[in-house]
Amino acid sequence: MPDLATPLNAWYRSTARDLPWRRPGFGAWGTLVSEFMLQQTPVNRVVPHLEAWLERWPTPAALADAPPAAAVAQWANLGYPRRALWLHRAAIEICDRHGGVVPREVDALLALTGIGDYTARAVAVFAYGDRHPVVDTNTRRVIARAVDARSQPGPAAKGDLAAMEALLPRADAEAATFNAAAMELGATVCTARSPRCDSCPIAHACAWRAAGYPDTGDSRRRQARYEGSDRQARGAVLKALREGAGHELPAKLVAADWADPRQRDRAVDSLIVDGLVEATDGMLRLPR
DNA sequence: AAGGCGTGGAA
DNA sequence: TTTCCAAGCCT
């Protein structure tokens with residue numbers, strides 16, 4: 001396997017996007033919040049919400065002191081609102097277990113609510129500069145192509161970490177840059193559709209290119225249709241509560257115009273199970 | 001371990 | 001219009 005880090009890191013240093021969480025001294029809390037928001041939400045939509053969030057809650061303690069309803073409401077339309085609830089819980093856990101300081105150890109990060117293999121290592125690497133493999137969907141696609149000569153990655157697997165570890169430079173700082181560079185390449189050049197191989201800094205070393213760009217199939221999961229789904233109904237219920245005064249409304253008025261009333265009720269019930277909604281004597285509200 | 005979970009922009 | 005896709009996590 002040829003060295004990918006030297007050309008990729010050089011490319012990153014000259015062309016990487018200027019993003020808030022890449023500013024020097026951005027801080028571990030900012031990094032943690034950004035990573036929560038970036039879980040399945042595009043970069044461009046995250047940036048303004050991240051800045052507003054950190055202005056309101058500049059520390060884990062500040063968020064931990066707020067009611068969960070405030071976090072869910074501030075999350076606005078970023079999607080997957082359970083992440084707001086999980087981030088709020090993580091802030092409480094950081095205060096309870098770590099004195100209000102975002103932990104540095106991967107195991108401690110993994111033990112926080114809403115943090116998995118990706119986010120734990122992203123914080124340890126990008127906030128603290130430690131040496132770990134950081135593997136997201138971009139990195140998996142870059143490795144699938146450059147190393148495994150496949151057109152698309154398989155489903156996320158534990159072995160992904162070892163595959164990235166094998167490519168990682170020895171020095172901490174170079175390893176951190178390589179982690180970020182692999183993600184950046186996947187996000188801007190080695191994209192899922194229509195990759196820009198002409199502009200790729202590691203095209204000369206790419207196994208997929210050497211093999212003639214074979215279509216090796218696509219094992220990714222298909223997302224269920226959103227229009228008319230329970231998920232869309234949940235979204236409508238939560239949107240109403242977010243925008244209601246005091247994040248509270250008479251149950252009968254919440255998404256009252258939803259076409260299928262039984263689906264609406266099902267959505268409310270599932271939101272209550274998830275802790276995103278509370279019900280008391282005819283009222284629905286975001287969790288206090 | 002396969003499926004559920006929001007939202008909006010691009011192709 | 002429909003489908004795809006986006007710095008995943010949890011159960």
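Residues numbered from 1 in each chain as written. Chains lettered and ligands numbered in written order. Predicted model: local features only at pLDDT ≥ 70, side-chain atom pairs only at ≥ 80, totals over all residues. Heavy atoms only, no water.

## Let's talk about the protein's contact with DNA strand C
In the vicinity of DNA strand C there are 29 residues, among which W21, L38, G116, T119 and D136 approach most closely. In the model, a phosphate oxygen of DNA strand C is placed 2.9 Å from a nitrogen or oxygen of the G116 main chain. Taken together, the elements giving at least two residues each to the surface near DNA strand C come down to α2 (28–38), α8 (117–127), α9 (137–146) and α11 (172–188). Partitioned by chemical class, the residues of the surface near DNA strand C number 10 nonpolar, eight polar and 11 charged. (Near = heavy atom within 4 Å. Polar contact = N/O pair within 3.5 Å; in protein donor to acceptor, adjacent residues only side chain to side chain. Helix = DSSP H or I, 4+ residues; strand = E, 2+ residues; numbered from the N terminus. Nonpolar A, V, L, I, M, F, W, Y, C, P; charged D, E, K, R; others polar.)

## Some details on the UniProt feature "domain: HhH-GPD" (unreviewed entry) in chain A
Mapped onto this structure's residue numbering, the UniProt feature "domain: HhH-GPD" (unreviewed entry) falls at residues 37–188. As annotated, residues 37–188 has a helix share of 63% and a strand share of 0%, and its two end C-alpha atoms lie 19 Å apart. (UniProt positions renumbered as here; feature names shortened; annotations may be inferred.)

## Overview of the pattern of salt bridges
One pass over the full model with this rule turns up 18 salt bridges. For R104, the salt bridge is made with D130, and the minimal N-O distance between the two is 2.7 Å. Here R104, found in the loop between α6 (82–98) and α7 (106–110), pairs with D130, found in the loop between α8 and α9; they are 26 residues apart in sequence, far enough to count as distant. The residue R121 makes a salt bridge to D117 at a minimum N-O spacing of 3.2 Å. Taken together, the residues span about one helical turn, with R121 and D117 both in helix α8 at a distance of four residues. Look at the salt bridges and you will find they share partners, linking E248, E278, R285 and R288 into a network. (Salt bridge = Lys/Arg side-chain N within 4 Å of Asp/Glu carboxyl O.)

## What about the packing of aromatic side chains?
To describe a pair of aromatic rings, you give the distance between the ring centres and the angle between the ring planes. Under the counting rule described, the total for this entry stands at three aromatic pairs. Look at W53 and W57: their rings are 4.7 Å apart centre to centre, the planes differ by 70 degrees, and that puts the pair in the edge-to-face class. The residues W53 and W57 share a single accessibility class, namely buried. Ring centres of W53 and W75 lie 5.7 Å apart, and the angle between their planes is 90 degrees; this geometry places the pair in the edge-to-face category. Separated by 22 residues along the polypeptide, W53 in helix α3 (residues 43–56) and W75 in helix α5 (residues 68–75) bring together distant segments of the chain. The two residues W53 and W75 agree in class, both being buried. Site record: aromatic cluster; members linked through ring pairs are W53, W57 and W75. (Phe/Tyr/Trp six-rings, centres within 6.5 Å; stacked < 30°, edge-to-face > 60°. Buried < 20%, exposed > 50% of the residue type's maximum accessible area, 1.4 Å probe, protein only.)

## Topic: unusual backbone geometry
The phi angle at Y80 is positive, at roughly 45 degrees, despite the residue not being glycine. Looking at the element boundaries, Y80 is found in the loop between α5 and α6. Classification of Y80 as partly exposed rests on a relative accessible area of 38%. Phi is positive for A255, close to 50 degrees, though the residue is something other than glycine. Among the secondary structure elements, A255 is positioned in the loop between β1 (248–250) and α14 (261–273). The buried category is assigned to A255, whose relative accessible area is 9%.

## Some thoughts on the packing of α8 against α11
Packing of α8 against α11 brings their axes to within 9 Å, and their N-to-C directions diverge by 130 degrees. Classified by the interaxial angle, the pair formed by α8 and α11 is oblique. Once α8 is placed against α11, the crossing between them reads as left-handed. Here α8 contributes Y118, V125 and F126 to the contact with α11, which in turn contributes A176, N179, A180 and M183. A per-class count over the contact of α8 with α11 returns six nonpolar, one polar and no charged. (Axes fitted to C-alpha atoms, helices over the stretch in contact; angles between N-to-C directions. Parallel < 35°, antiparallel > 145°, perpendicular 65-115°, else oblique. Left-handed = near helix turned anticlockwise from the far one by under 90°. Contact = heavy atoms within 4.5 Å.)

## Considering the side chain of S151
Note that S151 resides in the loop between α9 and α10 (159–165). For S151, a relative accessible area of 7% translates into the label buried. Residues in contact with S151, not counting those within four places in the same chain, are R145, W208, P214, D215, T216 and G217.

## Side note on the protein's contact with DNA strand B
The local shell around DNA strand B holds 17 residues, among which P81, R221, R231, R234 and R242 are the closest. Each atom of DNA strand B within 4 Å of the protein was assigned to sugar, phosphate or base; sugar and phosphate come to 47%. Within the contact set of DNA strand B, a sugar or linking oxygen lies 2.8 Å away from a backbone nitrogen or oxygen of Y80. Within the side chain of R242, one N or O atom sits 2.8 Å away from a phosphate oxygen of DNA strand B. At the level of elements, α6 and α13 (230–243) are the ones that each hand at least two residues to the surface near DNA strand B. Counting residues per element, the surface near DNA strand B draws most heavily on α13, at four residues.

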